[in-house]
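Here are the chains, one letter per residue:
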Amino acid sequence: MTENDTHTDGSAVETDGGTVTNAQKHRETDYLDREVNLLKPSTPFMRDHLKLVWGTFIAWTLIVWGPVTATRLAPETMTSLTVLGFPLHYFLVALGGPTGALVLAAVYARSRDRLDEKYGIEHGTVESEPSGEATAADGGVEE
């Protein structure tokens, strides 16, 4: 349904564009029984997450391997241009690749948080009851 749909009796239907409906369906889905298929995801959340994963993977590939490939294809250009006194290929590989990967990790985390919010996924910690036994540093139980 879209935001302008009507019931069969002619009354207007007010929707949220599917966000709450998708969140409710997500909560009711048993993901442990769902098949995970990278080519045909079984739920809307899996489809959206897969788009995010593939998009960031492609961006990572371009950021990390782009300068290396450009240096292989045009070595004269990449070595003759300088940035802050360094050849362009060195600057892009030594500073651009790691910095780009770090920025990409932050973008992925922020996008995944938005995706989790869209589908109503909450990440919490599980608190366990203390058992009364102290755990030793080596993994055993102190007496």
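Basis of the calculations
Residues numbered from 1 in each chain as written. Predicted model: local features only at pLDDT ≥ 70, side-chain atom pairs only at ≥ 80, totals over all residues. Heavy atoms only, no water. Axes fitted to C-alpha atoms, helices over the stretch in contact; angles between N-to-C directions. Helix = DSSP H or I, 4+ residues; strand = E, 2+ residues; numbered from the N terminus. Parallel < 35°, antiparallel > 145°, perpendicular 65-115°, else oblique. Nonpolar A, V, L, I, M, F, W, Y, C, P; charged D, E, K, R; others polar. Salt bridge = Lys/Arg side-chain N within 4 Å of Asp/Glu carboxyl O. Buried < 20%, exposed > 50% of the residue type's maximum accessible area, 1.4 Å probe, protein only. Patch = residues over 30% accessible without salt bridge, like charges linked within 9 Å, V, L, I, M, F, W, Y side chains within 5 Å. Areas by Shrake-Rupley, 256 points an atom, 1.4 Å probe, with all protein chains shown as cover.

Trainee: Just to check I follow, could you spell out the packing of helix α2 (residues 44-73) against helix α4 (residues 88-118) for this structure?
Mentor: Geometrically, a packed helix pair is captured by the angle between its two axes and the distance between the axes. Close contact between α2 and α4 brings their axes to 9 Å; oriented N to C, the two are set at 175°. The orientation of α2 with respect to α4, classified from their angle, is roughly antiparallel. Residue composition of the contact of α2 with α4, by class: 14 nonpolar, 8 polar and 4 charged.

Trainee: Teacher, can you tell me more about the pattern of salt bridges here?
Mentor: Two side chains with opposite charge may pair up if their charged atoms get near one another. Inspection of every chain in the model, using the stated rule, returns 2 salt bridges. Here Asp48 makes a salt bridge to Lys118, at a shortest N to O gap of 3.2 Å. Of this pair, Asp48 sits in helix α2 while Lys118 sits in helix α4, and the two are 70 residues apart along the sequence. On the accessibility criterion, Lys118 (35% relative accessible area) is partly exposed. A salt bridge links Arg112 to Asp116; its shortest N-O distance comes to 2.8 Å. Of this pair, Arg112 and Asp116 both sit in helix α4, 4 residues apart, which is roughly one turn of the helix. Here the two residues Arg112 and Asp116 agree in accessibility, since each one is buried.

Trainee: How should a nonpolar patch on the surface be read in this particular structure?
Mentor: Among the surface-exposed residues, Trp54, Phe57, Ile58, Trp60, Leu62, Trp65, Val68 and Val93 lie close enough to one another that they form a single nonpolar patch of about 810 Å² accessible area. Of all the elements, α2 adds the most residues to the nonpolar patch, at 7 residues. The topology assignment puts Leu62 in helix α2.

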